[in-house]
Amino acid sequence: MVLLRRKIRHADTTDAQVVGSVGPRRRPRRLAVLPAGEDRPRLSAPLNAVLAARLGALLAVAPVEGEHLTEAGETYIGSSSGSWSRCWLRPRDW
């Protein structure tokens, strides 16, 4: 008898607001996101170079709000990002 196992991944998309970033503002390494219904931000998965450059252009002009901590105690630089800051993420992205 041969048993085959298949790993099935399930991912839901959720609404989150970008509240800051980790790394240089023009090339962020990760984003601090606040998922809908939660009160403490989480850090996203590492950003690829293209996405980091695109988001960096937006973050560079956003007002800085100082250092903050995520739920896990990780530090990020907060920003007032305005209307562009809403994004949709899969839980595996954080």
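Coordinates for the structure precede this section.
Q: When you look at the overall build of the protein chain in this model, what are you seeing that I'm missing?
A: If you tally the helices and strands in the protein chain, you get one helix and six strands. Listing each helix as α and each strand as β along the protein chain from the N terminus yields β-β-β-α-β-β-β. Across the 94 residues in the protein chain, those meeting the buried criterion constitute 32%. Long-range pairs, those at least 24 residues apart, make up 53% of the contacts in the protein chain with a sequence separation of at least 6. With the model as given, the accessible surface of the protein chain reaches about 6600 Å², and the carbon-plus-sulfur share is 54%.

Q: Please clarify how the nonpolar core should be interpreted in this entry.
A: Where a protein is soluble and globular, its nonpolar side chains tend to be buried together. If you look at the biggest cluster of nonpolar residues, it comprises eight residues: A16, V18, L31, V33, L47, A52, L55 and L59. Where this core is concerned, the elements lending two or more residues are β1 (14-22), β2 (30-35) and α1 (49-59). In terms of residue count, α1 provides more of this core than any other element does, three residues in total.

Q: Help me understand the pattern of salt bridges, please; the structure alone is not making it clear to me.
A: Between side chains of opposite charge, pairing is possible as soon as their charged atoms come close. With the rule as written, the count across this model stands at two salt bridges. For the salt bridge of R30 with E74, the shortest nitrogen-to-oxygen distance reads 3.9 Å. Here E74 lies in the loop between β4 (64-69) and β5 (75-79) and R30 lies in strand β2, a separation of 44 residues in the sequence. Classification of E74 as partly exposed rests on a relative accessible area of 32%. Here R42 makes a salt bridge to E38, at a shortest N to O gap of 3.1 Å.

Reading guide: rules and limits
- Residues numbered from 1 in each chain as written.
- Predicted model: local features only at pLDDT ≥ 70, side-chain atom pairs only at ≥ 80, totals over all residues.
- Heavy atoms only, no water.
- Helix = DSSP H or I, 4+ residues; strand = E, 2+ residues; numbered from the N terminus.
- Buried < 20%, exposed > 50% of the residue type's maximum accessible area, 1.4 Å probe, protein only.
- Contact = heavy atoms within 4.5 Å.
- Areas by Shrake-Rupley, 256 points an atom, 1.4 Å probe, with all protein chains shown as cover.
- Core = buried A, V, L, I, M, F, W, Y, C linked by side-chain atoms within 4.5 Å.
- Salt bridge = Lys/Arg side-chain N within 4 Å of Asp/Glu carboxyl O.

The analysis is restricted to geometry; functional conclusions fall outside its scope.
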